[in-house]
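A closer look at the structure
Each chain is listed here by its residues.
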Amino acid sequence: MKKAFSILLVLITTLVNAQVIDYNNFDKKLFEKVLFDKLNEYRKLKGVETLLWSKTIYSQITVHQMKKMIKVDRLFHPDMRPMWDSLRVRQLIANESDKLVGVKTSVSICSGASMTLYENAYWTGNIDGTYDDLAERAIKGWEKSFMHNATQYASFENHGKPGLAACTVGLTNRGVYVTFNFVRVYREKEG
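It should be emphasised that the depicted structure is a prediction, and the values quoted were computed from it without experimental measurement. (Residues numbered from 1 in each chain as written. Predicted model: local features only at pLDDT ≥ 70, side-chain atom pairs only at ≥ 80, totals over all residues. Heavy atoms only, no water.)

1. A closer look at the overall build of the protein
Short version of the rule: Per the convention used, a helix needs a DSSP run of H or I reaching at least four residues, while a strand needs a run of E reaching at least two, with both numbered from the N terminus. Note on exposure labels: buried denotes an accessible area under 20% of the residue type's maximum, exposed denotes more than 50%, and partly exposed covers the range between, all computed with a 1.4 Å probe on protein chains only. Computed with the Shrake-Rupley method and a 1.4 Å probe, the accessible areas treat only the protein chains shown as cover for residues. The charged-residue count follows a simple rule in which Lys and Arg add positive charge and Asp and Glu add negative charge, with His and chain termini not counted at all. Every charge is mapped to an atom, namely NZ of Lys, CZ of Arg, CG of Asp or CD of Glu.
Looking only at helices and strands, the protein has seven helices and six strands in total. In sequence order, the secondary structure elements of the protein are arranged as α-α-β-α-α-α-β-β-β-α-α-β-β. In terms of principal-axis extent, the alpha carbons of the protein reach across some 50 × 50 × 30 Å. The burial tally for the protein puts 45% of its 191 residues in the buried class. Carbon and sulfur atoms provide 57% of the accessible area of the protein, an area that totals close to 10,500 Å². Across the protein, the centroid of the 27 positively charged side chains sits 3 Å from that of the 20 negatively charged ones.

Below you can see the structure in the form of structure tokens.
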């Protein structure tokens, strides 16, 4: 029974990921899940820890970066220093990390929660294919760039606990923009 359920789940997931993209009814949440899961699959194959999805990174960083790119319809790395230098955002991420992994984030009185933010951004014209094909194209595109490749396959682990991440997509008349944010959270030692 358990094995049959597992097989059914794999088949459903495969069919959903194989859904052909309709750009007039683009399923943003589905693509974000497909991209996030696919990159975690590649990371696992390379022996790197899988990342944990962060709602805070998504809402406080990733979505804002995408809005800036879509507004000018140009691929670039938006300056997120004013937001990132805000102790508020890093503390929100620290609070979420503490709950997700059960280990306290290192916090300095002067500089706040200790963490580092990394980003990959990508653009492509609309493709005929599935959400899985689009996710694959973004990951393979980053693999062609030394720094982007190094970022997507870096270990963000600290004291045995995984890094946090989030990704999103934006559409314009010119094509598809993708951003993927990674955060290494520096944590206090357990025990």
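2. Quick look at the environment of Ile139
Worth spelling out the cut-off: Pairs of residues are marked as contacts when any of their non-hydrogen atoms sit within 4.5 Å.
On the secondary structure map, Ile139 appears in helix 6 (residues 131-143). For Ile139, a relative accessible area of 0% corresponds to the buried category. Excluding anything up to four places from it in sequence, Ile139 contacts Leu35, Lys38, Leu39, Tyr42, Gln152 and Tyr153.

3. Some points on the side chain of Glu49
The criterion, for reference: A 3.5 Å cut-off defines polar contacts: any pair of N or O atoms within that distance qualifies, except that in protein one atom must be a possible hydrogen donor and the other a possible acceptor, and neighbouring residues in sequence count only when both atoms are side-chain atoms.
Turning to its location among the elements, Glu49 is positioned in the loop between helix 2 (28-45) and strand 1 (52-53). On the basis of relative accessibility, which here comes to 13%, the residue Glu49 falls in the buried class. Within polar-contact distance, the side chain of Glu49 engages the side chain of Ser155 at 3.0 Å. A polar contact of 3.1 Å, which involves the side chain of Glu49, links it to the backbone nitrogen of Glu157. Beyond its immediate chain neighbours, meaning those up to four positions away, Glu49 contacts Arg43, Ser155, Phe156, Glu157, Pro162 and Gly163.

4. Some details on the pattern of salt bridges
We apply this condition: The salt bridge criterion pairs a side-chain nitrogen of Lys or Arg with a carboxyl oxygen of Asp or Glu, the two atoms within 4 Å.
Summed over all chains, the structure comprises nine salt bridges. A salt bridge links Asp132 to Lys38; its shortest N-O distance comes to 3.3 Å. In this pair, Asp132 is assigned in helix 6 and Lys38 in helix 2, connecting sequence segments 94 residues apart. Accessibility expressed as a relative area gives 10% for Lys38, which makes it buried. Asp73 serves as the salt-bridge partner of Arg174, at 3.3 Å between the closest nitrogen and oxygen. Of the two residues, Arg174 is situated in the loop between strand 5 (164-171) and strand 6 (176-185) and Asp73 in the loop between helix 3 (55-72) and helix 4 (81-84); the sequence distance between them amounts to 101 residues. Through salt bridges that share partners, Lys38, Asp132 and Glu136 make up one connected network.

5. Thoughts on the environment of Gln60
Among the structural elements, Gln60 can be located in helix 3. Among the polar contacts listed, one links the side chain of Gln60 to the side chain of Arg88, at a separation of 2.9 Å.

6. A few points about helix 2
Using the following cut-off: Residue count minus one, scaled by 1.5 Å, sets the expected span of a helix.
For helix 2, built from 18 residues, the straight-helix expectation of 26 Å at 1.5 Å per residue is met to within 8% by its first-to-last C-alpha distance of 26 Å. Listing the buried residues of helix 2 in full gives Leu30, Phe31, Glu32, Val34, Leu35, Phe36, Lys38, Leu39, Asn40, Tyr42 and Arg43. Immediately downstream of helix 2, the backbone of Gly47 shows phi near 75 degrees, a positive value.

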